[in-house]
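Remarks on the overall topology
So you can see what is in the structure, the chains are spelled out below.
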Amino acid sequence: MRTGRVAPWQLALAASAVFLVALVLRLPSCFDSLWVDELHTAWTIWGDFSDVPSRARLGNQSPVYFAVMWLWHQVVGDTEVALRLSSVLLVACSCLLLVVGIYRLHRDLLLGLLAGGLLAVDRNSIFFGTELRPYAAVILLSTLLVLVCAGALDRRRCWRAIALVVIVAALFWTHYTALLVAAGVLVAFALNQIFRQRWGSASIASVAVDALLVWSAVGIAAAVEYRAIVQLWSRRGEWEAFAVPRPLNAADSLGQNLSVFAGDIRAMWPWVPAFLVPLALLVLARLAGARFRVRRWLPFVAAVVLVTLVAYGLATLKVSAVWHRRYIVGLLPVLAWGSAGLWLAAIRGVFESLRRWRLSGRLVSSPVAMLAAAVVPVVVLLFWQGTLGNLLRRDLHLVHRGEDWRSAVAAIDELRIAGQPVAVDAGLIEAKRWERSRSEGRGAESAMFLQYLCCPVNNIYPLHEVVPLAGVSEEELLRFWQQSADRNSSDRETLWIIARVPQRRHEAVAELLQSFASRQSDRAAGGKRFEFTTHSFGGVLVIQWRVE
């Protein structure tokens, strides 16, 4: 029931089809405005190459990806789609690699086609595959890692060791937290090798050598970035603003805490279509008398479960706030491969259990069976993640980030008179650190750090003469007004604020502005009057502030 060897043109056709599907599902979402995290990338690559490392580290990132993106920017230009095309191509290549790599490993084109197809249509891979951030590169490198771990270079031990060292070091330098995924994949496959060979001394020695080489490489890579990593570790508490699970409460019952835990784990990945449905089909097929082997897919499932639970534990215990899909996004190709293996084993098991019907023999060997095997799991995943509804409506705009910085800046440019002050609240977690430094009277921050706080308007969407704001609060508004008054002696002035504010909070911000205007008008000398006008651009709010 395997597809066996196929002609090179058939392999090329299958891989090209998956590659094109990945492109088609991602490109339409690449024309929107960049959002704040992507705008940090844009700011990092907009200046001189010598500024790239320091700018990357201000955003808690390794500079390697940004150095490559600086070169990409020089070649492709500065439009949103051109910049995001890097991520589109990286994820599309990951899908293609799964098709080709799995076929060469197992001589099973259907398995490779299904794994690549699942990665191509997965909603999470679509999101990260349309984002100007390092995560698409992490997905590609993780694809290479799992191919090597699954046996792609087993006949060339020297090249396998070199590949493991290079890939894991590259993962670490691309994004520090990708090391968590690399460790989970290596451990899962190492244990599988040891158990498969029944704790043989040769398998243990092989695993030990691989571990020594890989972790030596990681140690060298970490030594190169030692100062940056130590600084980042000291600030890891800042990530708790968004990368922690819901707290478990000792006062609650065990059932309530288990419900919270299960809800957070369930929300991380599409467990039901990826693993639970094919496992249920496997059970039914086994009850119907089918025989099959699923042991080879256990390392994939184990790696996904292990890394997810470790990330949850690290965040819950406040060791490091890494409970966010972006930090373990490298699991996506592992998830796709493991899911494809289980689905295909289940479908073939079901067909085997139907052998008592004469039609079944023809059905199993027909192209219809192959089509069903490849299409059914993909359709189930599309339905589960809500993508199928978009496709049925012919809506290929699958990613909506909701921050229209491009239109917000254009609106200010249209109405602003040269010299009118502009404050930027990018909603960055580092702004709170700057606010604390000012309140505690510590030394002034560097000019580059202040530029970083204004990074959304320092590159592709430029605004000139801007100052940072640490949130839209009465204290920050008053500070901004006083700064502007020192530079402007006229009785009338207009100030501008562009702030990252979730849409659900726009009404609350408008009420705060009205309250502030009322109180400050009563206190102001000379009968000055404050008026605020707000303009919403999704998750970006433009505030026009008139003082008369």
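Scroll up a little and you will see the structure.
A short tour of the structure in this document, coming up. (Residues numbered from 1 in each chain as written. Predicted model: local features only at pLDDT ≥ 70, side-chain atom pairs only at ≥ 80, totals over all residues. Heavy atoms only, no water.)

Topic: the pattern of salt bridges
Enumeration over the complete set of coordinates arrives at twelve salt bridges. Between arginine 348 and aspartate 108 there is a salt bridge, and its shortest N-O distance comes to 2.9 Å. On the criterion of sequence distance, the pair formed by arginine 348 in helix H16 (residues 331-353) and aspartate 108 in the loop between helix H5 (80-106) and helix H6 (109-121) is long-range, its members being 240 residues apart. Here arginine 348 matches aspartate 108 in class, with each residue buried. (Salt bridge = Lys/Arg side-chain N within 4 Å of Asp/Glu carboxyl O. Helix = DSSP H or I, 4+ residues; strand = E, 2+ residues; numbered from the N terminus. Buried < 20%, exposed > 50% of the residue type's maximum accessible area, 1.4 Å probe, protein only.)

Considering the environment of alanine 205
Tracing the chain through its elements places alanine 205 in helix H11 (residues 201-224). Counting along the chain gives eleven residues from alanine 205 to isoleucine 194, while the straight-line C-alpha distance between them is 9.7 Å.

Some remarks on the nonpolar core
Across soluble globular proteins, nonpolar side chains show a tendency to be buried alongside one another. Among the nonpolar cores identified, the biggest contains 103 residues, and Leu145, Trp269 and Trp337 are the most heavily contacted of them. Looking at this core element by element, the count peaks at 14 residues for H16. Those residues in contact with leucine 145 that sit more than four places away from it in its chain are Leu164, Ile167, Val168, Leu171, Ala182, Val185 and Leu186. By size, the runner-up hydrophobic cluster in this structure holds 44 residues, among which are Leu58, Ala137, Val422 and Val424. (Core = buried A, V, L, I, M, F, W, Y, C linked by side-chain atoms within 4.5 Å. Contact = heavy atoms within 4.5 Å.)

Quick look at empty space enclosed by the protein
In this approach, a probe sized like a water molecule rolls over the atoms, and the result shows the empty space that is left. A full pass over the atoms with the stated rule returns four cavities of 30 Å³ or more. Size it by volume and the largest cavity reaches roughly 110 Å³. Taken together, Leu118, Leu119, Asp122, Pro270, Pro273, Ala274, Leu332, Leu335, Ala336, Ser339, Pro377 and Leu381 form the lining of the largest cavity. Elements with a minimum of two residues in the lining of the largest cavity: H6, helix H14 (271-287), H16 and helix H18 (367-384). Sort the elements by how many residues they give to the lining of the largest cavity and H16 lands first, with four residues. A per-class count over the lining of the largest cavity returns ten nonpolar, one polar and one charged. The space that makes up the second largest cavity amounts to roughly 50 Å³. Taken together, Arg57, Asn60, Gln61, Tyr176, Ala228, Gln231, Leu232 and Arg235 form the lining of the second largest cavity. (1 Å grid on protein atoms, 1.4 Å probe; cavity = no way out; pocket = protein on both sides within 12 Å on 5 of 7 lines; lining within 4 Å. Points joined across faces, edges and corners; volume = space filled by probe spheres on them. Nonpolar A, V, L, I, M, F, W, Y, C, P; charged D, E, K, R; others polar.)

Some words on the pairing of strand S4 (residues 530-537)
When S4 meets strand S5 (residues 540-547), the two strands line up antiparallel, connected through eight bridges. Counted as the bridge partner of phenylalanine 530 is valine 547 from S5. Once S4 ends, the chain turns through two residues before running back antiparallel as S5, passing glycine 538 with a positive phi of about 70°. (Pairing = 2+ DSSP bridges.)

A short note on the pairing of strand S3 (residues 493-500)
Of all eight residues making up S3, seven are buried, and the element is well covered by its neighbours. Where strand S1 (residues 422-425) and S3 come together, four bridges link them in parallel fashion. Bridge pairing in S3 links valine 424 to isoleucine 498. Inspection of the sheet shows S3 paired to S5 by eight bridges, in the antiparallel sense. Residue pairing across strands places threonine 494 opposite arginine 546, the latter belonging to S5.

Remarks on the state of the cysteines
The full count for this structure, using the stated rule, is zero disulfides. Not engaged in a disulfide, the cysteine cysteine 30 finds its nearest cysteine sulfur in cysteine 95; these two sulfurs lie 14 Å apart. Note on cysteine 30: relative accessible area 0%, which makes it buried. Cysteine 158 takes part in no disulfide bond, and the closest cysteine sulfur to it belongs to cysteine 149, at a distance of 17 Å. (Disulfide = S-S within 2.5 Å.)

Interpretation in functional terms is not warranted from these geometric data alone.
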